[in-house]
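Understanding the architecture of this molecule
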Amino acid sequence: MSARSRHWGAAPDRPALALRNLSKVFGDVPAVDGVDLEVRQGEFITLLGPSGSGKTTTLRMIAGFTLQSGGTIEIDGVDMGHVPPYRRDVGMVFQNYALFPHMTAAENIAFPLQMRRVGRPEIKRRVADALGLVKLEGLGQRYPRQLSGGQQQRIAFARAVVFNPRLLLMDEPLGALDKKLREALQLEVMHISRQLGATVVYVTHDQDEALVMSDRIAIFSRGRIEQLGTGEDLYERPASLFVADFIGESNILRGRFEPAGDGGWLVRDPWRWQVGAAAAARASLEGGSAAALVVRPERLRIVGVDAGPGLATGVNAVDAIVRDVLYLGSMRKFELVLPDGNAAVVRQQRGGGGHEGRAGDRVRLTWAVDDGVLVADPHG
Amino acid sequence: MTDSWRQPRRLLLLALGALTVFFLMAPTLVVVPMSVTASNALTFPPEGFSTRWYEKMLTDPQWSSGFVNSAQVAFLTAVLATVLGTLAALGTVRGRFPGKSAVNALVLSPLIVPVIIIAIGMFSLFVRWKISGSIAGLVLAHTALAVPFVVINVATSLRTIDRNLELAAMNLGADPVRTFRRVTLPLILPGVLAGGLFAFITSWDEVVVSIFLTTARFRTLPVEMWEQVRQVVDPTVAAVATTLLAVTTSLLLLVLVVRRQAPAR
Ligand SMILES: Nc1ncnc2c1ncn2[C@@H]1O[C@H](COP(=O)(O)OP(=O)(O)OP(=O)(O)O)[C@@H](O)[C@H]1O
Ligand SMILES: [Mg+2]
């Protein structure tokens, strides 16, 4: 495709998309409830969240299919308030592809160019380029029903990018495909988007997909953005119990927060765990409030209970009983029960010299203070 | 073995079905042998074989002008009803406005209101408007009767197409008119054509309203038949009836073919 478009790569200082206090109410149910989001030019943003959290509704408002109940949408600095969908210059890939069944693959891809009154020779050239981009040269004359699911999705993708839209929206585009194909297409969609310099808003409820593809991820919950950040931000520094729970596996220790110096303690009799200064600062909780310490499974070490009281400073510990040991190739996964009855998970690299726990063993779990993330516990 | 006790039941069912079809079809099909009788009277069973009633039908100016008038009225009705019915279906399926169900009921009402009442109403109105006895008047009247068939066919097609296709078209830059022309219309075309054929048939064999709105100088085929049967019972009527039946049947078969052409997903 011919280098970068007039839009993609233009004005890098101005956000490609800005949502401000965006909301949508159906009847009296708030589907989207005050979303703020700025997407930079060329950025790949994923909206990730459980079913019904408002991802599709947000996307439909950006595309102009649904009118927002409140807030504003700006694309390239222009307010979209009164701009109908066919003048927004936004490409969309639907989950069920939405290819026109009465047109061939090539005619489908040519459609947005015809609507823009591009000349015939140029349409021909750009359709051929787009087919090449998604590696389907030669299949242009097929009708959608003559193509496999993965091929249809590639055509839908080609159709959405062929006119160099200012923004590319995708709503679970790979949701209907099997795992293997999905993983191959994830990489392909990501690489082509980068190659084109496209600004992408992608919707999925598959967290691995989000982590693989995105520059940043917006975690949706009940119509709001719970946290916005890179995959690493979300995994290493979840801002809430919801995010900690939603992204990856986590061990959650509940208690009350007691500040001390820069850091503090999370207390749950008879245990107490030290909270690092950085973690305490991020959470900025009042003394005595219900809180939880989040520790990722690969940050925990299993030691014998008889390791004694002589724990090094900067290390926290809790006792647990091993329920199950699962061998996952290069990994070993321990499932345990904490004294309060909650479950815990530990992942160990094999050959890392860790404790050889067996089901039924009483063990001690330890972790570096800095590996614990403090979050408020809304249910505490 | 399990079929042994089913066999008599199936035979009974088959016999009942055949009997029903016979009762439904016989009165209609009886005109076919009657139209080739050699005798001068309309009789069943026919006596001898002759095609002279068909010859008479084609040469008698009254019958042939009836043919031309019927074909004209039915064609114009089909065109008008298809356009109006398609628009009405779009409005009632896609639109959102107060009183939508009332409008829908009004559009479909000619299916329910007794035709004789419609005929009397139209007659008194059309006489005042001075379009009674004209081709325009009859086309308007038949259109009112035919529109419900178009609306029902097109609305069914509209409900089965994926709404995302129209959204995709708009998203790709097509305004509402171009979305309709390039995406919606091609997808509902089988329904539109079926509706148009039904509209043609509705007008083609309509007699009640036509009796009120035609004159001796301008008659459609069914009205001509009605007039002739009341005066002289001449087997030409059977020839005309057979021809009418043949046209209607082929159009209905065409509807079936058209419906099969639903775009593959
Ligand atoms: N047209 C509508 N009318 C009424 N309620 C709606 C409508 N569309 C969506 N909703 C509601 O709005 C909420 C958000 O729906 P939305 O489709 O945006 O969720 P989502 O995050 O895309 O979920 P999923 O992952 O299941 O696709 C849901 O509670 C849904 O029931
Ligand atoms: Mg959705």
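Residues numbered from 1 in each chain as written. Chains lettered and ligands numbered in written order. Predicted model: local features only at pLDDT ≥ 70, side-chain atom pairs only at ≥ 80, totals over all residues. Heavy atoms only, no water.

**Digging into the domain arrangement of chain A**
- Taken domain by domain, chain A consists of domain 1 (3-236) and domain 2 (249-376).
- Put simply, the middle of domain 1 of chain A and the middle of domain 2 of chain A, counted by C-alpha atoms, are 40 Å apart. (Domains from an automatic or database assignment.)

**Digging into helix α5 (residues 179-196) of chain A**
Residue and element names in this part refer to chain A.
- The first and last C-alpha atoms of α5 sit 26 Å apart over 18 residues, in line with the 26 Å expected at 1.5 Å per residue.
- Buried-residue contacts for α5 involve β3 (44-48), α3 (120-133), α4 (149-161), β7 (167-171), β8 (200-204) and α6 (207-213).
- Within two residues after α5, Gly 197 carries a phi angle of roughly 70 degrees, on the positive side. (Helix = DSSP H or I, 4+ residues; strand = E, 2+ residues; numbered from the N terminus. Expected span 1.5 Å × (residues − 1). Contact = heavy atoms within 4.5 Å.)

**A short note on the sheet that holds strand β20 (residues 373-376) of chain A**
All names here are of chain A.
- Strand order in the open sheet formed by five strands is β13-β12-β11-β14-β20, with antiparallel pairing between adjacent strands. Lying at the two open borders of the sheet, with one neighbouring strand each, are β13 (271-275) and β20. Averaged over all adjacent pairs, the angle separating strand axes in this sheet is 40 degrees, with direction ignored.
- Where strand β11 (residues 251-260) meets strand β14 (residues 290-295), six bridges bridge the pair, whose relative direction is antiparallel. In the sheet register, Ile 252 faces β14, and the bridge partner there is Val 294. (Pairing = 2+ DSSP bridges. Axes fitted to C-alpha atoms, helices over the stretch in contact; angles between N-to-C directions.)

**Comments concerning a nonpolar patch on the surface**
Residues and elements named next belong to chain B.
- A surface patch of nonpolar side chains, about 700 Å² in accessible area, is lined by Phe 75, Leu 76, Val 79, Leu 80, Val 83, Leu 84, Leu 87 and Leu 140.
- As for its placement among the helices and strands, Phe 75 is situated in helix α4 (residues 61-94).
- Overall, Phe 75 belongs to the exposed group, its relative accessible area being 51%. (Patch = residues over 30% accessible without salt bridge, like charges linked within 9 Å, V, L, I, M, F, W, Y side chains within 5 Å. Areas by Shrake-Rupley, 256 points an atom, 1.4 Å probe, with all protein chains shown as cover. Salt bridge = Lys/Arg side-chain N within 4 Å of Asp/Glu carboxyl O. Buried < 20%, exposed > 50% of the residue type's maximum accessible area, 1.4 Å probe, protein only.)

**A short note on the interface of chain B and chain A**
- Contact residues are listed per partner, giving 20 residues for chain B and 25 residues for chain A.
- The junction of chain B with chain A conceals about 2100 Å² of combined surface from both sides, 64% of it contributed by carbon and sulfur atoms.
- Considering only the side of chain B, the residues that lose the most area to chain A are B:Asn171, B:Leu172 and B:Arg182, jointly responsible for 35% of the buried surface there.
- One can count zero salt bridges joining chain B with chain A.
- Counting across the chain B and chain A interface gives seven residue pairs in polar contact (both at pLDDT 80 or more).
- At the level of secondary structure, the elements contributing two or more residues to the side of chain B that touches chain A comprise α8 (163-171) and α9 (176-204) of chain B.
- Here the element with the most residues in the side of chain B that touches chain A is α8(B); it accounts for seven residues.
- The residue makeup of the side of chain B that touches chain A, split by class, is 12 nonpolar, three polar and five charged. (Buried area = accessible area lost by both parts, 1.4 Å probe. Polar contact = N/O pair within 3.5 Å; in protein donor to acceptor, adjacent residues only side chain to side chain. Nonpolar A, V, L, I, M, F, W, Y, C, P; charged D, E, K, R; others polar.)

**What to know about the packing of α4(B) against helix α7 (residues 135-160) of chain B**
All names here are of chain B.
- Contact geometry of α4 with α7 gives a least axis separation of 5 Å together with a crossing angle of 40 degrees. The angle between the axes of α4 and α7 places the two elements in the oblique class. Here α4 runs over α7; the crossing is right-handed. (Parallel < 35°, antiparallel > 145°, perpendicular 65-115°, else oblique. Left-handed = near helix turned anticlockwise from the far one by under 90°.)

**A look at the site of ligand 1**
Residues and elements named next belong to chain A.
- Neighbouring ligand 1 are Phe 26, Ala 31, Pro 50, Ser 51, Gly 52, Ser 53, Gly 54, Lys 55, Thr 56, Thr 57, Glu 172 and His 205.
- One of the side-chain nitrogen or oxygen atoms of Thr 56 is found 2.7 Å away from an oxygen atom of ligand 1.
- Between ligand 1 and His 205, the relevant distance is 3.3 Å, taken from an oxygen atom to a side-chain nitrogen or oxygen of the residue.
- Burial of ligand 1 by the protein amounts to 58% of the accessible area it has alone, namely 640 Å².
- It is helix α1 (residues 55-63) that provides the largest number of residues to the shell around ligand 1, a total of three residues. (Near = heavy atom within 4 Å.)

**A closer look at the pattern of salt bridges**
- Counted according to the given criterion, the structure contains 29 salt bridges over all chains.
- Among the salt bridges present, the one from A:Asp215 reaches A:Arg194, with a minimum N-O distance of 3.1 Å. In this pair, A:Asp215 sits in the loop between α6 and β9 (216-221) while A:Arg194 sits in helix α5, placing the two residues 21 residues apart along the sequence.
- Residue A:Arg194 is classed as partly exposed on the basis of its relative accessible area, which comes to 37%.
- A salt bridge links B:Glu227 to B:Arg230; the nearest nitrogen and oxygen atoms lie 3.3 Å apart.

**Considering the nonpolar core**
- In this structure, A:Leu17, A:Phe100, A:Phe111, A:Phe157 and A:Leu169 are the most contacted members of the largest nonpolar core, which totals 117 residues.
- Sort the elements by how many residues they give to this core and α9(B) lands first, with 10 residues.
- Not counting chain neighbours up to four residues away, the residues in contact with A:Phe111 comprise A:Phe100, A:Met103, B:Ala169, B:Leu172, B:Ala174, B:Arg182 and B:Val183.
- Core analysis: the second largest hydrophobic core is formed by 26 residues, A:Ala279, A:Ala283, A:Val322 and A:Val346 among them. (Core = buried A, V, L, I, M, F, W, Y, C linked by side-chain atoms within 4.5 Å.)

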